[in-house]
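This is what each chain is made of:
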Amino acid sequence: AITEFQVREVIAAGQRAAAETPVFSFRLGEPGVFPEQGAARVVWLGLSQGAQGMQALQVNLAGRLRAAGLTLEARAFTPHLTLGRVKSGADTVRGSWLANSGTGTSWKKLEAVAGEIRVMQSHLQPGGARHTLLAACPLNGKLT
């Protein structure tokens, strides 16, 4: 949990990073799971286009958050779209997801525009997390 002051710092960092980042498009790519080893906890799709823009945005935002005194995860950032979380004990998900996700690859035709950073608050509950939008920080310009 972070303090109300830190929430304001996160929003300000998001606004500044977004203002410095041009709008960009991205396309979904190959599937993956987190963590890379052991039981899968998250299933996701990577980006086949737009990963550089997403990476640049993350580096900018992470630098601003660290400068504001926040501690960030040490693991490397992987641009992706999270599809869902896996309940513990579902050890077969990793192989099944990675082996079968290539059979219906229509998602690889999906292209979207990254136009804002959304600052969200998560409320953990027994039935799953509930997310509340705290701020929308528009990226700079329009896609050309």
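Heads up: these notes are all about the structure in this document. (Residues numbered from 1 in each chain as written. Predicted model: local features only at pLDDT ≥ 70, side-chain atom pairs only at ≥ 80, totals over all residues. Heavy atoms only, no water.)

On to the side chain of threonine 21, then. By secondary structure assignment, the location of threonine 21 is in the loop between helix 1 (4-19) and strand 1 (24-34). A relative accessible area of 7% means that threonine 21 is categorised as buried. If we ignore the near neighbours within four places in the chain, the residues touching threonine 21 are Leu57, Asn60, Leu139 and Asn140. (Helix = DSSP H or I, 4+ residues; strand = E, 2+ residues; numbered from the N terminus. Buried < 20%, exposed > 50% of the residue type's maximum accessible area, 1.4 Å probe, protein only. Contact = heavy atoms within 4.5 Å.)

With that settled, consider the pairing of strand 6 (residues 128-138). Two elements, strand 5 (residues 116-125) and strand 6, share ten bridges in a ladder whose sense is antiparallel. Opposite glutamine 125, over in strand 6, you have glycine 128 as the bridge partner. Hairpin connection of strand 5 to strand 6: two residues between the antiparallel strands. (Pairing = 2+ DSSP bridges.)

Turning to unusual backbone geometry, a few remarks are in order. Omega for the peptide link from phenylalanine 34 to proline 35 comes to -10°, which places this bond in the cis form. Mapping proline 35 onto the fold places it in the loop between strand 1 and strand 2 (42-49).

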